[in-house]
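Each chain is listed here by its residues.
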Amino acid sequence: FFKVRNHDGCESDSEVVHVRPHPQHPAHPVVVVTHPTCNDSLGHIDVSSPDITDEISINGNAYGLQRRFNVGDNSDHYFRVRNHDGCESDSEAVHVRPHPRHPGRPVVVVTHPTCTDSLGHIDVSSSDINDQISINGNAYGLQRRFNVGDNSNHYFKVRNSDGCESDSEATNVHPRPAHPGRPVVVVTHPTCSDSLGHIDVSSSDINDQISMNGNAYGLQRRFNVADNSAYSFRVRNTAGCESDSSN
(Lines give C-alpha, C1' and ligand atoms only; values in the text may rest on other atoms or scores of the structure.)
Protein backbone atom coordinates (compact mmCIF):
# COMPACT_ATOMS: atom_id res chain seq x y z
CA PHE A 1 0.00 0.00 0.00
CA PHE A 2 1.03 3.60 -0.54
CA LYS A 3 0.66 6.96 1.33
CA VAL A 4 1.43 10.53 0.44
CA ARG A 5 3.00 13.02 2.86
CA ASN A 6 3.03 16.74 1.97
CA HIS A 7 5.45 19.49 3.01
CA ASP A 8 3.35 20.18 6.07
CA GLY A 9 3.98 16.62 7.23
CA CYS A 10 0.40 15.56 6.71
CA GLU A 11 -0.27 12.04 5.40
CA SER A 12 -2.95 10.80 3.07
CA ASP A 13 -4.97 7.67 3.51
CA SER A 14 -3.28 4.59 2.09
CA GLU A 15 -3.89 3.14 -1.38
CA VAL A 16 -3.69 -0.59 -1.64
CA VAL A 17 -2.73 -2.39 -4.84
CA HIS A 18 -2.12 -6.05 -5.74
CA VAL A 19 0.44 -7.30 -8.20
CA ARG A 20 -0.80 -10.39 -9.97
CA PRO A 21 1.25 -13.59 -10.15
CA HIS A 22 3.54 -14.15 -13.09
CA PRO A 23 1.34 -15.58 -15.88
CA GLN A 24 2.39 -19.06 -16.93
CA HIS A 25 3.07 -20.29 -20.42
CA PRO A 26 0.60 -23.00 -21.39
CA ALA A 27 1.83 -26.54 -21.99
CA HIS A 28 2.40 -27.92 -25.47
CA PRO A 29 -0.84 -28.71 -27.26
CA VAL A 30 -1.87 -32.38 -27.53
CA VAL A 31 -1.89 -33.29 -31.21
CA VAL A 32 -3.62 -36.37 -32.66
CA VAL A 33 -3.07 -37.07 -36.37
CA THR A 34 -5.51 -39.03 -38.53
CA HIS A 35 -3.39 -39.93 -41.53
CA PRO A 36 -4.68 -40.26 -45.11
CA THR A 37 -6.19 -43.61 -46.00
CA CYS A 38 -6.31 -45.73 -49.14
CA ASN A 39 -9.53 -43.99 -50.21
CA ASP A 40 -8.89 -40.46 -48.92
CA SER A 41 -5.78 -38.44 -49.76
CA LEU A 42 -6.49 -35.93 -46.97
CA GLY A 43 -5.83 -36.33 -43.26
CA HIS A 44 -6.85 -34.23 -40.29
CA ILE A 45 -5.27 -33.13 -37.03
CA ASP A 46 -7.14 -32.70 -33.75
CA VAL A 47 -5.51 -30.32 -31.28
CA SER A 48 -6.40 -29.96 -27.59
CA SER A 49 -5.14 -27.97 -24.58
CA PRO A 50 -5.94 -27.84 -20.85
CA ASP A 51 -8.27 -24.84 -21.14
CA ILE A 52 -11.21 -24.63 -23.51
CA THR A 53 -10.62 -20.89 -23.89
CA ASP A 54 -7.07 -21.38 -25.19
CA GLU A 55 -6.49 -20.42 -28.80
CA ILE A 56 -4.58 -22.51 -31.33
CA SER A 57 -2.22 -21.48 -34.13
CA ILE A 58 -1.16 -23.78 -36.99
CA ASN A 59 2.14 -23.12 -38.76
CA GLY A 60 2.46 -19.61 -37.30
CA ASN A 61 -0.91 -18.42 -38.61
CA ALA A 62 -3.44 -16.38 -36.63
CA TYR A 63 -4.70 -17.82 -33.34
CA GLY A 64 -8.28 -19.04 -33.13
CA LEU A 65 -10.61 -21.50 -31.47
CA GLN A 66 -10.48 -24.07 -34.29
CA ARG A 67 -9.51 -27.50 -32.97
CA ARG A 68 -9.59 -29.69 -36.11
CA PHE A 69 -7.45 -28.98 -39.16
CA ASN A 70 -7.79 -30.76 -42.52
CA VAL A 71 -4.35 -31.27 -44.08
CA GLY A 72 -2.77 -32.71 -47.21
CA ASP A 73 -0.78 -35.92 -47.25
CA ASN A 74 2.99 -36.05 -46.75
CA SER A 75 3.08 -32.67 -44.97
CA ASP A 76 4.61 -31.16 -41.82
CA HIS A 77 2.83 -28.88 -39.36
CA TYR A 78 3.46 -27.24 -36.00
CA PHE A 79 1.03 -25.90 -33.41
CA ARG A 80 1.11 -23.44 -30.51
CA VAL A 81 -1.35 -22.61 -27.73
CA ARG A 82 -2.06 -19.08 -26.48
CA ASN A 83 -3.91 -18.72 -23.18
CA HIS A 84 -6.14 -15.90 -21.93
CA ASP A 85 -3.07 -14.18 -20.47
CA GLY A 86 -1.60 -13.94 -23.97
CA CYS A 87 1.19 -16.39 -23.16
CA GLU A 88 2.24 -18.84 -25.84
CA SER A 89 3.32 -22.45 -25.49
CA ASP A 90 6.30 -24.04 -27.15
CA SER A 91 5.45 -25.52 -30.53
CA GLU A 92 4.42 -29.11 -31.16
CA ALA A 93 5.43 -30.54 -34.54
CA VAL A 94 3.80 -33.44 -36.41
CA HIS A 95 4.20 -35.18 -39.77
CA VAL A 96 1.30 -36.40 -41.91
CA ARG A 97 2.19 -39.57 -43.79
CA PRO A 98 1.88 -39.90 -47.58
CA HIS A 99 -1.40 -41.14 -49.04
CA PRO A 100 -1.10 -44.97 -49.28
CA ARG A 101 -1.61 -46.31 -52.79
CA HIS A 102 -3.85 -49.08 -54.04
CA PRO A 103 -1.87 -52.00 -55.48
CA GLY A 104 -2.31 -53.07 -59.08
CA ARG A 105 -4.52 -55.99 -60.02
CA PRO A 106 -2.98 -59.42 -59.40
CA VAL A 107 -1.51 -61.39 -62.29
CA VAL A 108 -3.47 -64.63 -62.65
CA VAL A 109 -2.23 -67.71 -64.53
CA VAL A 110 -4.70 -70.60 -64.93
CA THR A 111 -3.72 -74.22 -65.43
CA HIS A 112 -6.93 -75.80 -66.71
CA PRO A 113 -8.11 -79.35 -66.00
CA THR A 114 -6.79 -82.02 -68.34
CA CYS A 115 -8.13 -85.27 -69.75
CA THR A 116 -6.73 -87.15 -66.78
CA ASP A 117 -7.21 -84.58 -64.00
CA SER A 118 -10.53 -82.93 -63.20
CA LEU A 119 -8.87 -80.23 -61.08
CA GLY A 120 -7.03 -77.14 -62.25
CA HIS A 121 -4.99 -74.62 -60.32
CA ILE A 122 -4.48 -70.88 -60.40
CA ASP A 123 -1.19 -69.13 -59.65
CA VAL A 124 -1.52 -65.54 -58.46
CA SER A 125 1.28 -62.97 -58.23
CA SER A 126 1.61 -59.30 -57.35
CA SER A 127 4.28 -56.61 -57.31
CA ASP A 128 5.28 -57.13 -53.66
CA ILE A 129 6.05 -60.43 -51.93
CA ASN A 130 4.41 -59.10 -48.76
CA ASP A 131 1.07 -58.51 -50.46
CA GLN A 132 -1.79 -60.75 -49.41
CA ILE A 133 -4.25 -62.44 -51.77
CA SER A 134 -8.00 -63.03 -51.45
CA ILE A 135 -9.95 -65.50 -53.61
CA ASN A 136 -13.68 -64.91 -54.10
CA GLY A 137 -13.90 -62.42 -51.23
CA ASN A 138 -12.50 -64.81 -48.62
CA ALA A 139 -9.90 -63.90 -45.99
CA TYR A 140 -6.58 -62.50 -47.20
CA GLY A 141 -3.46 -64.60 -46.85
CA LEU A 142 -0.04 -65.33 -48.35
CA GLN A 143 -1.20 -68.35 -50.40
CA ARG A 144 -0.26 -67.97 -54.07
CA ARG A 145 -1.55 -71.22 -55.63
CA PHE A 146 -5.20 -72.24 -55.48
CA ASN A 147 -6.55 -75.66 -56.51
CA VAL A 148 -9.93 -75.26 -58.19
CA GLY A 149 -12.64 -77.40 -59.75
CA ASP A 150 -13.34 -77.45 -63.46
CA ASN A 151 -15.86 -75.14 -65.14
CA SER A 152 -15.67 -72.55 -62.35
CA ASN A 153 -15.32 -68.77 -62.02
CA HIS A 154 -13.06 -66.99 -59.54
CA TYR A 155 -11.89 -63.49 -58.72
CA PHE A 156 -8.84 -62.29 -56.85
CA LYS A 157 -7.77 -59.14 -55.01
CA VAL A 158 -4.46 -57.95 -53.58
CA ARG A 159 -4.08 -56.16 -50.23
CA ASN A 160 -0.77 -54.41 -49.53
CA SER A 161 0.99 -53.68 -46.25
CA ASP A 162 -0.88 -50.36 -45.96
CA GLY A 163 -4.19 -52.24 -45.99
CA CYS A 164 -5.14 -50.97 -49.45
CA GLU A 165 -6.96 -53.32 -51.82
CA SER A 166 -6.61 -53.67 -55.58
CA ASP A 167 -9.44 -53.94 -58.06
CA SER A 168 -10.47 -57.54 -58.65
CA GLU A 169 -9.18 -59.78 -61.41
CA ALA A 170 -11.64 -62.39 -62.66
CA THR A 171 -10.85 -65.66 -64.39
CA ASN A 172 -12.60 -68.77 -65.68
CA VAL A 173 -11.47 -72.38 -65.36
CA HIS A 174 -12.42 -74.46 -68.38
CA PRO A 175 -14.56 -77.57 -68.11
CA ARG A 176 -12.62 -80.81 -67.93
CA PRO A 177 -12.13 -82.06 -71.52
CA ALA A 178 -13.95 -85.33 -72.26
CA HIS A 179 -12.40 -88.48 -73.68
CA PRO A 180 -13.75 -89.32 -77.12
CA GLY A 181 -15.63 -92.53 -77.70
CA ARG A 182 -13.97 -95.56 -79.31
CA PRO A 183 -13.57 -95.26 -83.07
CA VAL A 184 -15.96 -97.11 -85.35
CA VAL A 185 -13.98 -99.66 -87.33
CA VAL A 186 -15.25 -101.24 -90.57
CA VAL A 187 -13.07 -104.02 -92.02
CA THR A 188 -13.03 -105.00 -95.68
CA HIS A 189 -11.41 -108.45 -95.65
CA PRO A 190 -9.17 -109.89 -98.34
CA THR A 191 -10.95 -111.67 -101.19
CA CYS A 192 -10.12 -114.55 -103.47
CA SER A 193 -8.54 -112.18 -105.91
CA ASP A 194 -6.99 -109.71 -103.48
CA SER A 195 -4.77 -110.72 -100.56
CA LEU A 196 -5.03 -107.29 -99.00
CA GLY A 197 -7.89 -105.84 -97.07
CA HIS A 198 -8.52 -102.34 -95.74
CA ILE A 199 -9.98 -100.83 -92.61
CA ASP A 200 -12.10 -97.66 -92.53
CA VAL A 201 -12.06 -95.81 -89.20
CA SER A 202 -14.50 -93.06 -88.20
CA SER A 203 -15.19 -90.99 -85.10
CA SER A 204 -17.70 -88.43 -83.90
CA ASP A 205 -15.63 -85.39 -84.97
CA ILE A 206 -14.00 -84.84 -88.35
CA ASN A 207 -11.13 -83.08 -86.56
CA ASP A 208 -10.27 -86.14 -84.49
CA GLN A 209 -7.01 -87.89 -85.24
CA ILE A 210 -6.52 -91.65 -85.54
CA SER A 211 -3.68 -93.85 -84.36
CA MET A 212 -3.16 -97.40 -85.64
CA ASN A 213 -1.27 -99.85 -83.44
CA GLY A 214 0.15 -97.09 -81.24
CA ASN A 215 1.74 -95.21 -84.14
CA ALA A 216 1.60 -91.46 -84.62
CA TYR A 217 -1.82 -89.81 -84.78
CA GLY A 218 -3.02 -88.38 -88.08
CA LEU A 219 -6.09 -87.62 -90.16
CA GLN A 220 -5.88 -90.82 -92.25
CA ARG A 221 -9.18 -92.72 -92.16
CA ARG A 222 -8.50 -95.75 -94.43
CA PHE A 223 -5.71 -98.22 -93.76
CA ASN A 224 -4.61 -100.96 -96.20
CA VAL A 225 -3.78 -104.10 -94.26
CA ALA A 226 -2.46 -107.61 -94.85
CA ASP A 227 -4.54 -110.69 -94.36
CA ASN A 228 -4.62 -112.64 -91.14
CA SER A 229 -3.50 -109.66 -89.04
CA ALA A 230 -4.70 -107.83 -85.94
CA TYR A 231 -4.91 -104.08 -85.36
CA SER A 232 -5.94 -101.62 -82.72
CA PHE A 233 -7.11 -98.03 -83.18
CA ARG A 234 -7.48 -95.02 -80.93
CA VAL A 235 -9.00 -91.57 -81.39
CA ARG A 236 -7.44 -88.35 -80.09
CA ASN A 237 -9.62 -85.23 -80.05
CA THR A 238 -8.67 -81.55 -80.33
CA ALA A 239 -8.36 -81.33 -76.52
CA GLY A 240 -5.63 -83.99 -76.67
CA CYS A 241 -7.75 -86.66 -74.99
CA GLU A 242 -7.51 -90.24 -76.19
CA SER A 243 -10.20 -92.86 -76.49
CA ASP A 244 -9.98 -96.46 -75.41
CA SER A 245 -8.77 -98.70 -78.23
CA SER A 246 -10.92 -100.57 -80.74
CA ASN A 247 -9.53 -103.87 -81.94
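The notes below deal with the structure included here. (Residues numbered from 1 in each chain as written. Predicted model: local features only at pLDDT ≥ 70, side-chain atom pairs only at ≥ 80, totals over all residues. Heavy atoms only, no water.)

### Describing unusual backbone geometry
Excluding glycine, a negative phi dihedral is what most residues carry, and trans is how most peptide bonds are arranged.
Now for step 1: We note that Asn-59 has phi near 55 degrees; this positive angle belongs to a residue other than glycine.
Now for step 2: As for its position among the elements, Asn-59 is in the loop between β3 (55–58) and β4 (68–72).
Now for step 3: With a relative accessible area of 29%, Asn-59 lands in the partly exposed category. (Helix = DSSP H or I, 4+ residues; strand = E, 2+ residues; numbered from the N terminus. Buried < 20%, exposed > 50% of the residue type's maximum accessible area, 1.4 Å probe, protein only.)

### Let's talk about the sheet that holds strand β11 (residues 152–159)
To summarise the sheet geometry, strands pair through backbone hydrogen bonds and adopt either a parallel or an antiparallel arrangement.
Now for step 1: The strand order β9-β11-β12 describes an open sheet built from three strands, whose pairing is antiparallel. Of all the strands in the sheet, the pair left with one neighbour each is β9 (132–135) and β12 (169–173). With direction set aside, neighbouring strand axes in the sheet form an average angle of 30 degrees.
Now for step 2: Where β11 meets β12, five bridges bridge the pair, whose relative direction is antiparallel. Looking across to β12, one finds that Ser-152 is bridged to Val-173. (Pairing = 2+ DSSP bridges. Axes fitted to C-alpha atoms, helices over the stretch in contact; angles between N-to-C directions.)

### Observations regarding the environment of Val-19
Now for step 1: Take Val-19: it is sitting in the segment before β1 (30–34).
Now for step 2: Using a relative accessible area of 71% as the deciding quantity, one classes Val-19 as exposed.

### Overview of the state of the cysteines
Now for step 1: The full count for this structure, using the stated rule, is two disulfides.
Now for step 2: One disulfide in the model links Cys-38 with Cys-164; its S-S distance is 2.0 Å. Between Cys-38 and Cys-164, the disulfide has an S-S torsion of -90 degrees and is therefore left-handed. One end of the pair, Cys-38, is in the loop between β1 and β2 (42–48); the other, Cys-164, is in the loop between β11 and β12, and 126 residues separate them in sequence. Neither Cys-38 nor Cys-164 differs from the other in exposure class; each is buried.
Now for step 3: Between the sulfur atoms of Cys-115 and its disulfide partner Cys-241 the distance amounts to 1.8 Å. Residues Cys-115 and Cys-241 share a disulfide whose torsion about the S-S bond is about -90 degrees; that sign makes it left-handed. On the criterion of sequence distance, the pair formed by Cys-115 in the loop between β7 (107–111) and β8 (119–125) and Cys-241 in the segment after β17 (233–236) is long-range, its members being 126 residues apart.
Now for step 4: The buried category is assigned to Cys-115, whose relative accessible area is 10%. (Disulfide = S-S within 2.5 Å.)

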